Every structure is written in structure tokens, then in C-alpha cells.
Amino acid sequence: MIDKLTGTLQFHQEALNLRDQRQQVLANNIANADTPNYKARDFDFASELQHAATKGRAQSTELARTSAGHMGSPGSSGPQVDNLQYRIPAQSRLDGNTVDMDIERSRFLDNSVRYQASLTFMNSRIRSLRSAMQPE
């Protein structure tokens, strides 16, 4: 029973981590909408989640800092998606930028709603488990 619960919560944790990373990628695209030669990027959420669920994701380890002046290790912000892909624009722009604001806003909103739905689902699951464990 505990193994199933742990597996379920780890799966949802990975989904939330991937949603967060996708939100950052989409926000970066939106922020660079006017940057010449910027190429919009994204990743396939479903395939990354499947990869994370079957093989696990490489967790980076944070190096110990013994002084406030020490720099962190590169990539110490947690697991990262390896398959960022460039988006092919529907219409090319003269400045070489491939960001389509309508598409970016739509995907940003969709990802936000799905992130919130995952949080709501996890909260209700945890709440129901807590109520089942409490004695009457």
C-alpha cells in the first residue's frame, strides 16, 4: 500500500516539476518575443513524463557551500529536460525571431491550468488519505 502511494506521489511530483520547467521555457519565449534571431523552444510534455516515469530522472546534487562567497554548481537547480526543441514558425519574420505570441500565450495558459489541476488533484488525494488515517 505504501509503495503504491509513494509511486503515485512521485509520479505527480515529476509531473509538477515538468510543468514548472515548461512554464519557464514558455515564459522565456514570451519574454524574448522582440529579440532578433531568438528561436522559440518547447518540449513534448507527454514523452518527457513517460521517460521520467519509466527510467527516472537524473537528480543533480548540490555542492556544499562553506562560505557565502562560494558559487553554486552549474545545473544545481534540479533535474532539467534534455530534449528542448526549436519550434517551427507558421510564418517567418524578417528579424529571424520564431516566437508567435498567440501560440505562446495559449500554451502558457494551458500549462498553467494543467499545473493547477495537478495541484488540486494531489491536495484532494492527500486530504482523503489523512481523513482515512484519522481515528473516529
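Nothing here was measured: the structure is a model prediction, and the numbers come from that model. (Residues numbered from 1 in each chain as written. Predicted model: local features only at pLDDT ≥ 70, side-chain atom pairs only at ≥ 80, totals over all residues. Heavy atoms only, no water.)

Chemist: Account for unusual backbone geometry, with residues named and values stated.
Modeler: At asparagine 37, a position not held by glycine, the phi torsion is positive, near 65°. Relative to the elements of secondary structure, asparagine 37 occurs in the loop between α1 (2-31) and β1 (41-42). (Helix = DSSP H or I, 4+ residues; strand = E, 2+ residues; numbered from the N terminus.)

Chemist: Outline the pattern of salt bridges, listing residues and values.
Modeler: Here the structure, examined in full by the defined rule, presents 7 salt bridges. For aspartate 42, the salt bridge goes to arginine 87, with nearest N and O atoms at 2.8 Å. Here arginine 87 lies in the loop between β2 (85-86) and α3 (101-133) and aspartate 42 lies in strand β1, a separation of 45 residues in the sequence. Comparing aspartate 42 with arginine 87 shows no difference in burial state: the two are buried. Across the salt bridge formed by arginine 105 and aspartate 102, the nearest N and O atoms sit 3.9 Å from each other. Taken together, the residues span about one helical turn, with arginine 105 and aspartate 102 both in helix α3 at a distance of 3 residues. Note on aspartate 102: relative accessible area 57%, which makes it exposed. Members of the salt-bridge network, linked through shared partners, are Arg22, Asp42, Arg87, Glu104 and Arg107. (Salt bridge = Lys/Arg side-chain N within 4 Å of Asp/Glu carboxyl O. Buried < 20%, exposed > 50% of the residue type's maximum accessible area, 1.4 Å probe, protein only.)

Chemist: Could you give me a rundown of the packing of aromatic side chains, with the residues and numbers involved?
Modeler: Taken as a whole and assessed by the stated rule, the structure comprises 0 aromatic pairs. The positively charged end of arginine 19 is found above the aromatic ring belonging to phenylalanine 45, 3.6 Å away from the centroid. The side chain of arginine 41 reaches across the aromatic face of tyrosine 86, ending 4.7 Å from its centre. (Phe/Tyr/Trp six-rings, centres within 6.5 Å; stacked < 30°, edge-to-face > 60°. Lys NZ or Arg CZ within 6 Å of the ring centre and 35° of its normal.)

Chemist: Lay out the environment of phenylalanine 108 in plain terms, naming residues and giving numbers.
Modeler: Assignment of secondary structure puts phenylalanine 108 in helix α3. The partly exposed category is assigned to phenylalanine 108, whose relative accessible area is 28%. Each C-alpha atom, one on phenylalanine 108 and one on isoleucine 30, is 9.1 Å from the other, the two residues being 78 residues apart in sequence. With sequence-adjacent residues up to four places away left out, phenylalanine 108 is seen in contact with Gln23, Leu26, Ala27 and Ile30. (Contact = heavy atoms within 4.5 Å.)

Chemist: Residues and numbers for the packing of α1 against helix α2 (residues 45-55), please.
Modeler: When two helices pack together, you describe them by how their axes are tilted relative to each other and by the distance separating the axes. Their axes nearest at 10 Å, the elements α1 and α2 cross at an angle of 140°. Read as a crossing pair, α1 and α2 show a hand that is right-handed. Mapping the contact onto sequence places Phe11, Glu14, Ala15, Leu18 and Arg19 in α1 and Phe45, Glu48, Leu49, Ala52 and Ala53 in α2. Residue composition of the contact of α1 with α2, grouped by class: 7 nonpolar, no polar and 3 charged. (Axes fitted to C-alpha atoms, helices over the stretch in contact; angles between N-to-C directions. Left-handed = near helix turned anticlockwise from the far one by under 90°. Nonpolar A, V, L, I, M, F, W, Y, C, P; charged D, E, K, R; others polar.)

Chemist: Please provide a residue-by-residue account of the environment of asparagine 37, values included.
Modeler: When its relative accessible area of 55% is taken as the criterion, asparagine 37 is described as exposed. It is 4.5 Å that separates the C-alpha atoms of asparagine 37 and asparagine 97, two residues lying 60 residues apart in sequence. Beyond its immediate stretch of four places on either side in the chain, asparagine 37 contacts Asp95, Gly96 and Asn97.

The analysis is restricted to geometry; functional conclusions fall outside its scope.
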